[in-house]
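Here is how the chains run, residue by residue.
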Amino acid sequence: MFPSKMQDLNPKHLEEEEEEDQPNKPLTKTKDQEKQNQCFKKYNVICSILLEPFQWLQMLSSKLNPTFVLGVVLVYGLNQGFSGSFFKVVSDFYWKDVQKVQPSEVQLFIGLYYIPWVMKPVWGLMTDVFPVMGYRRRPYFVIAGVLGVASALSVAAGGRLAVVAALTFLIGITGSVAIADVTIDACIARNSIEIRSLAADMQSLCGFCSSAGALLGYSTSGFLVHHLGAQVAFGLLAIPSATLILLGFVIYEPRTTDQDIHFEKTKATEKLREAVNGMYRTIKFPQVWEPSLYMYLSLALSISTHEGQFYWYTDPNAGPAFSQEFVGMIYAIGAMASIVGVIIYHKALKNHPFRPLLFYAQLLYAVSGTLDLVFIQRWNLALGIPDYTFVVLEECVSQVISRIRWMPMMVLSSQLCPLGIEGTFFALLMCIDNLGALTSKWGGGLVLHLLHVTRSDFKNLWLAVLVRNVLRFVTLGLIFLVPNVGPNDIFLIPAKVGGGGGGGEVVDCEECLEMVVPLNEKV
């Protein structure tokens with residue numbers, strides 16, 4: 001016993017045991033380190049994905065201005081996104097259940113909603129030419145907010161309104177968003193010209209905010225319509241409008257000096273004439289009117305049959321009888337899909353040339369329209385796909401493609417604007433787009449009326465959708481109007497075409513040729 005105890009205490013024996021154990025220790029440590037490294041890498045990947053949007057916003061705020069980014073979030077996210085989506089669902093149920101009008105008539109009313117948007121050049125001229133107390137943008141945010149708050153509360157508290165009065169107040173709500181939109185678009189257009197490398201990023205920010213706001217609006221609209229009623233629910237739209245008033249006081253804008261204010265007042269008429277002449281000279285460039293014509297026709301030819309489909313969705317006899325909550329949920333899921341479309345464009349497509357990108361986007365848009373036809377004919381049931389599943393899939397596909405189709409148009413429009421009248425001219429381009437949307441609504445209403453699609457008769461609704469789908473394919477033949485350049489190429493419009501020299505000269509021919517050469521090389 002004693003020798004064994006002494007052996008246990010023998011230092012040499014302990015050293016030998018340590019030497020025997022040493023070969024295994026590095027292997028154990030290496031395996032543990034590899035596991036820790038793998039976990040650490042996974043953690044870093046997850047953190048980088050989660051932090052990337054915030055880093056992106058920080059980058060935009062540092063290179064632009066934090067209050068400008070806040071303005072985009074409030075206008076595009078809360079007002080255009082949330083208010084626009086909430087307004088869409090609530091107004092549909094308002095006209096159907098409260099006013100009890102026909103779907104073709106609602107298409108006409110929705111077309112009238114676009115009047116403030118068609119007037120965007122007027123708002124653009126006012127922001128460019130008529131500053132208030134030395135500011136070009138801030139006062140118009142306040143005006144937009146006041147108009148929106150007053151209109152929303154008037155509908156909610158107005159009791160049983162006549163159709164004309166209700167329509168007037170609803171146009172006031174859309175007018176509030178339109179004025180705020182043209183004001184922030186003027187800021188976006190100027191930043192897109194001064195920092196061209198961030199033009200696509202700014203449009204991605206607008207698209208993301210709009211989609212996120214739409215998701216919130218659609219998610220809550222059906223629930224609130226069910227519990228508050230369509231008319232009372234309109235009162236909630238006063239909240240986003242109130243944020244525009246706040247934005248008017250906080251957004252950064254250099255103030256014009258008193259001397260400049262006096263000069264602006266004395267030269268307002270001259271500047272107005274110069275702005276109009278600048279727009280006229282700019283729109284005559286083929287590089288401008290050709291893509292503008294394409295944007296108008298691509299919207300106008302895709303006639304809207306939305307109201308006929310909405311009435312059919314909620315009809316308990318002819319249609320699938322979707323509830324108010326489920327209609328809102330459909331649109332909410334579509335808004336999530338729209339965010340996916342923004343991400344796809346921002347990550348993979350933002351640097352692609354406009355012509356091929358818009359061609360394939362329009363082709364997919366036309367093909368996806370056939371899903372509506374399948375649903376109306378109830379072929380999805382023959383395939384074993386329930387109505388609830390199919391309509392969600394159809395909405396997701398449609399929204400992803402629509403967003404990818406829309407965003408390059410916005411990037412192209414922002415880069416067609418000359419400095420000096422960028423707000424006015426971007427508003428003109430958006431006016432053309434909204435005329436296309438108005439034409440689409442009224443054209444769709446006319447088709448629904450001619451095919452006798454009513455509140456209870458939907459037997460020809462499939463034919464209206466078929467006409468719409470054929471016109472979407474026809475649009476592919478107009479793609480030659482879009483320039484075959486990318487968003488980062490040297491662009492097309494002489495920078496001083498809208499300049500306020502007063503002499504009416506555009507620019508010298510050499511400068512014009514230098515700016516057009518990159519386009520000609522790629523056509």
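Quantities reported herein were computed from a predicted structural model and do not represent experimental measurements.

The subject of this paragraph is the packing of helix H4 (residues 66–98) against helix H9 (residues 163–194). Contact geometry for H4 and H9: axes closest at 10 Å, N-to-C directions at 155 degrees. As summarised for this structure, H4 and H9 are arranged roughly antiparallel, according to the angle between their axes. Note on packing geometry: the crossing formed by H4 with H9 is left-handed. By residue class, the composition of the contact of H4 with H9 is 17 nonpolar, five polar and two charged.

The next thing to look at is the side chain of Asn434. By secondary structure assignment, the location of Asn434 is in helix H22 (residues 422–450). Judged by its relative accessible area of 11%, Asn434 falls in the buried class. Engagement of the side chain of Asn434 in a polar contact is seen with the backbone oxygen of Met430, the distance being 2.7 Å.

Most peptide bonds take the trans form, and the phi angle of most residues other than glycine is negative. The phi dihedral of Lys100 falls on the positive side, at around 55 degrees, and the residue is not glycine. Position of Lys100 relative to the elements: it lies in the loop between H4 and helix H5 (103–113). Owing to a relative accessible area of 54%, Lys100 belongs among the exposed residues under this scheme. In this model, Ala321 sits at a positive phi of 60 degrees, which is unusual for a non-glycine residue.

Turning our attention to the packing of aromatic side chains. Throughout the structure, instances matching the rule amount to 19 aromatic pairs. Measuring from ring centre to ring centre gives 5.1 Å for Phe93 and Phe310, while their planes differ by 80 degrees; the resulting arrangement is edge-to-face. One end of the pair, Phe93, is in helix H4; the other, Phe310, is in helix H16 (residues 306–313), with 217 residues separating them in the sequence. An identical accessibility class is assigned to Phe93 and Phe310; each is buried. Centroid distance Phe310 to Tyr311: 6.1 Å. Interplanar angle 75 degrees. Geometry classified as edge-to-face. Of the residues examined, Phe310 reaches a relative accessible area of 1% and is grouped as buried. A relative accessible area of 1% places Tyr311 in the buried class.

With that settled, the discussion passes to the side chain of Ser85. Take Ser85: it is sitting in helix H4. Look at Ser85 and you get buried, because its relative accessible area is 2%. For Ser85, the side chain forms a polar contact with the main-chain oxygen of Gly81, separated by 2.8 Å. Non-local contacts of Ser85, meaning those with residues more than four positions away in its chain, are made with Gln80, Gly213, Ala214, Gly217 and Tyr218.

Our focus in this paragraph is the nonpolar core. The biggest cluster of nonpolar side chains holds 62 residues, and the ones touching the most others in it are Trp95, Leu170, Phe234, Phe322 and Val391. Looking at this core, the element that brings in the most residues is H4, giving eight residues. Counting 37 residues, the second largest nonpolar core, distinct from the first, contains Val129, Ala189, Met279 and Ala337.

Here the structure, examined in full by the defined rule, presents four salt bridges. The salt bridge involving Asp372 is made with Arg468; its shortest N-O contact spans 2.9 Å. Here Asp372, found in helix H19 (residues 370–376), pairs with Arg468, found in helix H23 (residues 461–474); they are 96 residues apart in sequence, far enough to count as distant.

For the rest of this paragraph, the subject is a nonpolar patch on the surface. On the surface, Leu70, Leu246, Phe249 and Val250 cluster together to form a nonpolar patch covering roughly 390 Å² of accessible area. Of all the elements, helix H12 (residues 238–250) adds the most residues to the nonpolar patch, at three residues. For Leu246, the position within the fold is in helix H12. Residue classification places Leu246 among the exposed positions, given a relative accessible area of 54%.

What follows is about helix H8 (residues 138–157). Helix length check: H8, at 20 residues, gives a terminal C-alpha distance of 29 Å against a target of 28 Å (1.5 Å per residue), a fit within 8%. Along H8, the positions that sit buried rather than exposed are Arg138, Pro139, Tyr140, Phe141, Ala144, Gly145, Gly148, Ser151, Ala152 and Val155. Against H4, helix H7 (120–129), H9, helix H11 (230–233) and H12 lie the buried residues of H8.

Attention now goes to the packing of helix H15 (residues 286–300) against helix H21 (residues 387–414). With their axes 11 Å apart at the nearest point, H15 and H21 run at an angle of 150 degrees to one another. By the criterion of interaxial angle, the relationship of H15 to H21 is roughly antiparallel. Once H15 is placed against H21, the crossing between them reads as left-handed. Judged by residue contacts, Pro291, Tyr294, Met295, Ser298 and Leu299 of H15 engage Arg405, Trp406, Met409, Leu412 and Ser413 from H21. Looking at the contact of H15 with H21 residue by residue, the classes come out as seven nonpolar, two polar and one charged.

Should the pLDDT be low somewhere, the predicted coordinates at that spot are not to be read in detail. For the protein, per-residue confidence averages 81 on the pLDDT scale, and 84% of positions sit at 70 or higher. Taken element by element, the predicted model of the protein shows its lowest mean pLDDT in helix H24 (residues 509–522) (31) and its highest in H23 (94). Scored below 50 in pLDDT, residues 1–9 shows two contacts in the model against residues more than four places distant or in partner chains. Scored below 50 in pLDDT, residues 498–523 makes 38 contacts in the model with residues more than four places away or belonging to other chains.

Reading guide: rules and limits
- Residues numbered from 1 in each chain as written.
- Predicted model: local features only at pLDDT ≥ 70, side-chain atom pairs only at ≥ 80, totals over all residues.
- Heavy atoms only, no water.
- Axes fitted to C-alpha atoms, helices over the stretch in contact; angles between N-to-C directions.
- Helix = DSSP H or I, 4+ residues; strand = E, 2+ residues; numbered from the N terminus.
- Parallel < 35°, antiparallel > 145°, perpendicular 65-115°, else oblique.
- Left-handed = near helix turned anticlockwise from the far one by under 90°.
- Nonpolar A, V, L, I, M, F, W, Y, C, P; charged D, E, K, R; others polar.
- Buried < 20%, exposed > 50% of the residue type's maximum accessible area, 1.4 Å probe, protein only.
- Polar contact = N/O pair within 3.5 Å; in protein donor to acceptor, adjacent residues only side chain to side chain.
- Phe/Tyr/Trp six-rings, centres within 6.5 Å; stacked < 30°, edge-to-face > 60°.
- Contact = heavy atoms within 4.5 Å.
- Core = buried A, V, L, I, M, F, W, Y, C linked by side-chain atoms within 4.5 Å.
- Salt bridge = Lys/Arg side-chain N within 4 Å of Asp/Glu carboxyl O.
- Patch = residues over 30% accessible without salt bridge, like charges linked within 9 Å, V, L, I, M, F, W, Y side chains within 5 Å.
- Areas by Shrake-Rupley, 256 points an atom, 1.4 Å probe, with all protein chains shown as cover.
- Expected span 1.5 Å × (residues − 1).
- pLDDT = per-residue confidence, 0-100.

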